[in-house]
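Each chain, letter by letter, is given below.
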Amino acid sequence: MLIVIKKNYEEMSLEAARVVSETVREKPSSVLGLATGSSPLGVYKELIRMHKEEGLDFSKVTTFNLDEYIGLAPSHPQSYHYFMQESLFKYINVDERFIHIPSGMADVNDVNRIHRYCGWYEEQISKGGGMDLQLLGIGANGHIGFNEPGSSLGARTRIKTLTQQTREDNARFFNNDMNKVPKYAITMGVGTIMESRIVLLIASGRQKAEAVKKTVEGPITAMVPASIVQMHRKAILIVDEEAGSLLGLQHEQIVTDLE
Ligand code: GLP
């Protein structure tokens, strides 16, 4: 695992955007796995700048988002569909036919249908040749996508119940009204994520430091789903100083860019 420690959120974002843009420049028909949350916003901002000022071309890129809340229509301002449109897609030249985000309109009681839908999502990823790069944020409890602690490390796209901590962490996006925070989500599995050729995990802020330490220093456990990236052949972790503040400096492939 390559660990890069940057001074702050902005530097972290620029570095991560550089890795994404290199992937797209090397292979214009790249398949990108995308993430939501506050962590990737700076990366998207920089990719938009690269598109506008440097002509970074997304016209042949295919995208697959990690997850979506169940119960939110694409037009809901807190849906990940809406987030992706507003934070990235509407500012770049990605072809909307190549955009994939799990549907949030599933009926939680119709388990068979959800199961079939998740199978279809996985098939689309395979048909696209698998992901070249998966961008990931991390939850304070070590979750990736919505793979909460205890998730099977081999799991594929499926429905998950959100933990109380994740719902509380995300309540700020729902006027701090817990009744409005969805209880379920569809998420790519840890197994799906691990098949991406590059896994690029970003984390910023002191509240992520514990999760980052457990991710990097192990043990690998389903209780910290992100810890599985230790097994990935090309995992890149870009964190800011605060998120990396609990890391020991004994790691071989650590690059710091701090003054
Ligand atoms: C949600 C998303 C994750 C994201 C996490 C952290 O749970 N499903 O993909 O990594 O939030 O979000 P943030 O980056 O806002 O801290």
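Our subject is the structure listed above.
Q: Just to check I follow, could you spell out the sheet that holds strand 8 (residues 184–187) for this structure?
A: Note on sheets: strands pair through backbone hydrogen bonds, and any given pair is parallel or antiparallel. A sheet is described by the order of its strands in space; here three strands give the open sequence 4-8-7, paired in antiparallel fashion. The strands lining the two open edges of the sheet, one partner per strand, are strand 4 (67–69) and strand 7 (158–161). With strand direction ignored, the average angle separating the axes of adjacent strands in the sheet is 25 degrees. Here strand 4 pairs with strand 8 via three bridges, running antiparallel.

Q: Just checking my understanding: could you explain the side chain of Ser 79 for this structure?
A: Within the secondary structure, Ser 79 is located in the loop between strand 4 and helix 3 (80–87). With a relative accessible area of 0%, Ser 79 lands in the buried category. Setting aside its immediate chain neighbours within four residues, Ser 79 contacts Glu 68, Leu 72, Ala 73 and Pro 74.

Q: What should I look at first to understand the pairing of strand 9 (residues 198–203) in this one?
A: On a regular strand, each side chain points to the face opposite its neighbour's, so the side chains alternate between the two faces of the sheet. The element strand 9 is largely enclosed, with a buried count of six among its six residues. Residues Ile 198, Leu 200 and Ile 202 line one face of strand 9 and the alternating positions Val 199, Leu 201 and Ala 203 line the opposite face, and both faces are buried. In this sheet, strand 9 lies alongside strand 6 (residues 133–136) in parallel orientation, the contact comprising four bridges. Counterpart to Gln 134 in the pairing with strand 9 is Val 199. Sheet topology places strand 9 next to strand 10 (residues 235–240); five bridges connect them, and they run parallel. Within the sheet, the bridge partner assigned to Leu 201 lies in strand 10 and is Leu 237.

Q: Where do I start with the site of the ligand in this structure?
A: Looking at the ligand, there are 14 residues lining it, with Ser 38, Ser 39, Asp 67, His 143 and Lys 208 nearest. For the ligand, an oxygen atom lies 3.3 Å from a polar atom in the backbone of Ile 138. The side chain of Arg 172 places a nitrogen or oxygen atom 3.3 Å from an oxygen atom of the ligand. Protein chains bury 94% of the 390 Å² of accessible surface belonging to the ligand in isolation.

Q: Could you clarify how one ought to interpret the packing of helix 1 (residues 9–26) against helix 2 (residues 41–54) in this entry?
A: How two helices pack is summed up by the angle between their axes together with the distance between the axes. Across the interface, helix 1 lies against helix 2 with an axial gap of 8 Å and an inter-helix angle of 55 degrees. Judged on the interaxial angle alone, helix 2 and helix 1 are oblique. In the crossing of helix 1 with helix 2, the sense of the turn from one axis to the other is right-handed. Here helix 1 contributes Tyr 9, Ser 13, Leu 14, Ala 16, Ala 17, Arg 18, Val 20, Ser 21 and Arg 25 to the contact with helix 2, which in turn contributes Leu 41, Gly 42, Val 43, Glu 46, Leu 47, Met 50 and Glu 54. Here the contact of helix 1 with helix 2 is built from residues that sort into nine nonpolar, three polar and four charged.

Q: How should the pattern of salt bridges be read in this particular structure?
A: A side chain of one charge can pair with a side chain of the opposite charge if their charged atoms are brought near each other. For the coordinates displayed, the defined rule picks out 15 salt bridges. Between Glu 15 and Arg 18 there is a salt bridge whose closest N-O contact spans 2.8 Å. Here Arg 18 and Glu 15 lie together in helix 1, a separation of three residues that amounts to about one turn. A relative accessible area of 16% places Glu 15 in the buried class. A salt bridge links Lys 213 to Glu 217, with the shortest nitrogen-to-oxygen separation between them at 2.7 Å. Highlighted residues: Lys 213 and Glu 217, both in helix 7 (residues 209–217), separated by four residues, approximately one helical turn. On the basis of relative accessibility, which here comes to 29%, the residue Lys 213 falls in the partly exposed class. One network of salt bridges, with partners in common, ties together Arg 25, Glu 46, Arg 49, Glu 53 and Glu 54.

Q: Even after reading the chapter, I still don't get the side chain of His 51, so can you show me in this structure?
A: Turning to its location among the elements, His 51 is positioned in helix 2. For His 51, the side chain forms a polar contact with the main-chain oxygen of Leu 56, separated by 2.8 Å. In contact with His 51, not counting residues within four places along its chain, are Leu 56, Phe 58, Tyr 91, Ile 92 and Asn 93.

Q: Could you clarify how one ought to interpret unusual backbone geometry in this entry?
A: Where the residue is not glycine, phi is negative for most of them; where a peptide bond is considered, it is trans in most cases. Put simply, Gly 218 and Pro 219 share a cis peptide bond, and its omega is 0 degrees. Along the polypeptide, Pro 219 turns up in the loop between helix 7 and strand 10. Phi is positive for Asn 175, which is not a glycine, with a value near 50 degrees. Within the secondary structure, Asn 175 is located in the loop between helix 5 (164–170) and strand 8. On the basis of relative accessibility, which here comes to 66%, the residue Asn 175 falls in the exposed class. Backbone geometry at Asn 176 places phi at a positive 55 degrees, although glycine is not the residue there. One can find Asn 176 in the loop between helix 5 and strand 8. The exposed category is assigned to Asn 176, whose relative accessible area is 60%.

Cut-offs and rules
Residues numbered from 1 in each chain as written. Predicted model: local features only at pLDDT ≥ 70, side-chain atom pairs only at ≥ 80, totals over all residues. Heavy atoms only, no water. Pairing = 2+ DSSP bridges. Helix = DSSP H or I, 4+ residues; strand = E, 2+ residues; numbered from the N terminus. Axes fitted to C-alpha atoms, helices over the stretch in contact; angles between N-to-C directions. Buried < 20%, exposed > 50% of the residue type's maximum accessible area, 1.4 Å probe, protein only. Contact = heavy atoms within 4.5 Å. Near = heavy atom within 4 Å. Polar contact = N/O pair within 3.5 Å; in protein donor to acceptor, adjacent residues only side chain to side chain. Areas by Shrake-Rupley, 256 points an atom, 1.4 Å probe, with all protein chains shown as cover. Parallel < 35°, antiparallel > 145°, perpendicular 65-115°, else oblique. Left-handed = near helix turned anticlockwise from the far one by under 90°. Nonpolar A, V, L, I, M, F, W, Y, C, P; charged D, E, K, R; others polar. Salt bridge = Lys/Arg side-chain N within 4 Å of Asp/Glu carboxyl O.

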